[in-house]
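# Topology and contacts: notes
Single-letter residue listing:
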Amino acid sequence: MQPVQAPYPLTRLRRLRRTPALRALTQETVLTAGDLIWPVFLCDGQNQRQPVVSMPGVERLSLDLVVAAAAEARDLGIPAICLFPYTDPKAKTAGCEEAWNPENLTNRAIRAIKAEVPDIAVMTDVALDPYNAHGHDGLVVDGIILNDETVEALVRMALAQAEAGADILGPSDMMDGRIGAMRAALEAAGHKDVAILSYAAKYASAFYGPFRDAVGASGALKGDKKTYQMNPANRDEALRLVARDLAEGADMVMVKPGMPYLDICARVKETFGAPTFAYQVSGEYAMIRAAAQNGWIDGEKAMLESLMAFKRAGCDGILTYFAPEVARRLRQG
Ligand SMILES: NCC(=O)CCC(=O)O
């Protein structure tokens, strides 16, 4: 685009910023509750609310409360909820078998939500890190994260989630070939309408720290995830990953983390025109909350501005722990 404009003073760009009405008329991007996916943490038990200390305002919820939360989200106009389990350490094994147990926490939550709140889309996490003691997203032998064996396990996990009624599968593992393998298995099993939102460009980031507290994996991680998650220095590789996942049958793609990677969000959307999401991850959430709690920033304004930035960058939607709060705020106008 080549903006054409007369020189000052014929053009005064402040003219259109003079009043709220003029600013509203010329606003280029909007943020609505319909742009949001709400990530929630699951725990066992009844009537359990466990605060996540490093994510003020976020709680792990037992299934009864998650169903109520899903109903509230639906009423607020939030189209999707994304489930992350806090797995009982006793259920964690080297082979990660709990990941495809039809009765695991996630699969029970999918069924409970779809039974009571069928019109909210339920998204899942497809990765093995909640199901082993070492915190890696794949199967590990002699310190090596195995790719192809992990893909087989992920396919089992994905099928169990589809069977439970998930609408959107979110492979967050970054193994090679998993989208194609999942898509083929879903087709073969008759789950042709289950969508895949691929965590296509997921960076090995320091911003995931509070999430690991939330799912009980902090301190557990041996080493780092740099052999499968992306180098934060890379840009072209993100496009290759997105191209690959779309070619393998992903319906939607994600960039993660969000705010430090807005350049990647913009390039992905401009290059492929596919439904593109960003994950405003736990560390981004925690930074805004912590600064607000200290009185250093206006938390509500920072929340809204950060989410608007994703829309401006071209994202179709955002996974954010702020989802219910921002939806309530947007309702007030
Ligand atoms: N698969 C989810 C993550 O790896 C972390 C998200 C976060 O930090 O919020």
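Residues numbered from 1 in each chain as written. Predicted model: local features only at pLDDT ≥ 70, side-chain atom pairs only at ≥ 80, totals over all residues. Heavy atoms only, no water.

Where an unreviewed UniProt entry is consulted, the chain appears under the name Delta-aminolevulinic acid dehydratase, with the organism given as Rhodobacter calidifons. The record held by UniProt for the chain lists under Sequence similarities (unreviewed entry) the comment "Belongs to the ALAD family." For the record of the chain, the UniProt heading Catalytic activity (unreviewed entry) holds the text "2 5-aminolevulinate = porphobilinogen + 2 H2O + H(+)". (UniProt positions renumbered as here; feature names shortened; annotations may be inferred.)

### Focus on the site of the ligand
Residues in close proximity to the ligand include Phe-84, Asp-125, Ser-172, Lys-202, Phe-207, Tyr-208, Phe-211, Lys-256, Tyr-279, Val-281, Ser-282 and Tyr-321, which together make up its full environment. Here Lys-202 contributes a side-chain N or O atom positioned 3.2 Å from an oxygen atom of the ligand. At a separation of 2.5 Å, an oxygen atom of the ligand approaches a polar side-chain atom of Tyr-321. With the chains in place, 97% of the 280 Å² that the ligand exposes on its own is no longer accessible. One can see that the ligand is located within the largest cavity. (Near = heavy atom within 4 Å. Polar contact = N/O pair within 3.5 Å; in protein donor to acceptor, adjacent residues only side chain to side chain. Areas by Shrake-Rupley, 256 points an atom, 1.4 Å probe, with all protein chains shown as cover. 1 Å grid on protein atoms, 1.4 Å probe; cavity = no way out; pocket = protein on both sides within 12 Å on 5 of 7 lines; lining within 4 Å. Sits in = over half its atoms within 2 Å of the grid points.)

### What to know about the pairing of strand E8 (residues 168–171)
Judged by which residues are buried, E8 turns out to be covered on both faces: Ile-168 and Gly-170 on one side and Leu-169 and Pro-171 on the other are all buried. Here 4 bridges tie strand E5 (residues 121–126) to E8, and the two strands are oriented parallel to one another. Along E8, the bridge assignment pairs Asp-125 with Gly-170. After leaving E8, the chain enters helix H5 (residues 178–188) and then returns to the sheet as strand E9 (residues 195–202), a path that is right-handed. (Buried < 20%, exposed > 50% of the residue type's maximum accessible area, 1.4 Å probe, protein only. Helix = DSSP H or I, 4+ residues; strand = E, 2+ residues; numbered from the N terminus. Pairing = 2+ DSSP bridges. Right-handed = clockwise from strand over helix to strand, strands pointing away.)

### Observations regarding empty space enclosed by the protein
Under the definition given, this model contains 2 cavities of 30 Å³ or more. Lining the largest cavity we find 19 residues, and of these Asp-129, Lys-202, Phe-211, Lys-225 and Lys-256 sit closest to its centre. In terms of residue class, the lining of the largest cavity is made up of 9 nonpolar, 4 polar and 6 charged. Approximately 30 Å³ is the volume found for the second largest cavity. Taken together, Leu-83, Pro-85, Thr-106, Asp-125, Pro-130, Tyr-131, Met-157 and Gln-161 make up the full set of residues lining the second largest cavity. Within the residue set of the lining of the second largest cavity, elements represented by two or more residues are strand E4 (80–85) and helix H4 (148–164). (Points joined across faces, edges and corners; volume = space filled by probe spheres on them. Nonpolar A, V, L, I, M, F, W, Y, C, P; charged D, E, K, R; others polar.)

### Looking at helix H2 (residues 63–75)
Along an α-helix, a turn takes 3.6 residues, which lines up residues three or four apart on a common side. Compared with an ideal rise of 1.5 Å per residue, which puts 13 residues at 18 Å, H2 spans 18 Å between its outermost C-alpha atoms and is within 8% of the ideal. Buried residues along H2 sit against strand E1 (36–42), strand E2 (49–51), strand E3 (59–61), E4 and helix H3 (105–116). Positive phi shows up at Gly-77, right after H2, with a value of about 90°. (Expected span 1.5 Å × (residues − 1). Contact = heavy atoms within 4.5 Å.)

### Regarding the packing of helix H10 (residues 299–312) against helix H11 (residues 323–332)
With their axes 11 Å apart at the nearest point, H10 and H11 run at an angle of 95° to one another. Our classification of the angle between H10 and H11 gives roughly perpendicular. Here H10 contributes Glu-300, Met-303, Leu-304 and Leu-307 to the contact with H11, which in turn contributes Glu-325, Val-326, Arg-329 and Leu-330. Residues that form the contact of H10 with H11 fall into these classes: 5 nonpolar, no polar and 3 charged. (Axes fitted to C-alpha atoms, helices over the stretch in contact; angles between N-to-C directions. Parallel < 35°, antiparallel > 145°, perpendicular 65-115°, else oblique.)

### Here we look at the pattern of salt bridges
Going through the model one piece at a time under the given rule, you end up with 24 salt bridges. One salt bridge connects Asp-245 with Arg-178, and the closest N-O pair in it is separated by 3.0 Å. Here Asp-245 is found in helix H7 (residues 236–247), whereas its partner Arg-178 is found in helix H5, with 67 residues between them in sequence. Each of the two residues, Asp-245 as well as Arg-178, counts as buried. Between Asp-236 and Arg-267 there is a salt bridge, with the nearest N and O atoms lying 3.1 Å from each other. Of this pair, Asp-236 sits in helix H7 while Arg-267 sits in helix H8 (residues 262–272); the two residues are 31 residues apart in sequence, bridging distant segments of the chain. A single salt-bridge network, built from bridges that share partners, covers Asp-173, Asp-176, Arg-178, Arg-244, Asp-245 and Glu-248. (Salt bridge = Lys/Arg side-chain N within 4 Å of Asp/Glu carboxyl O.)

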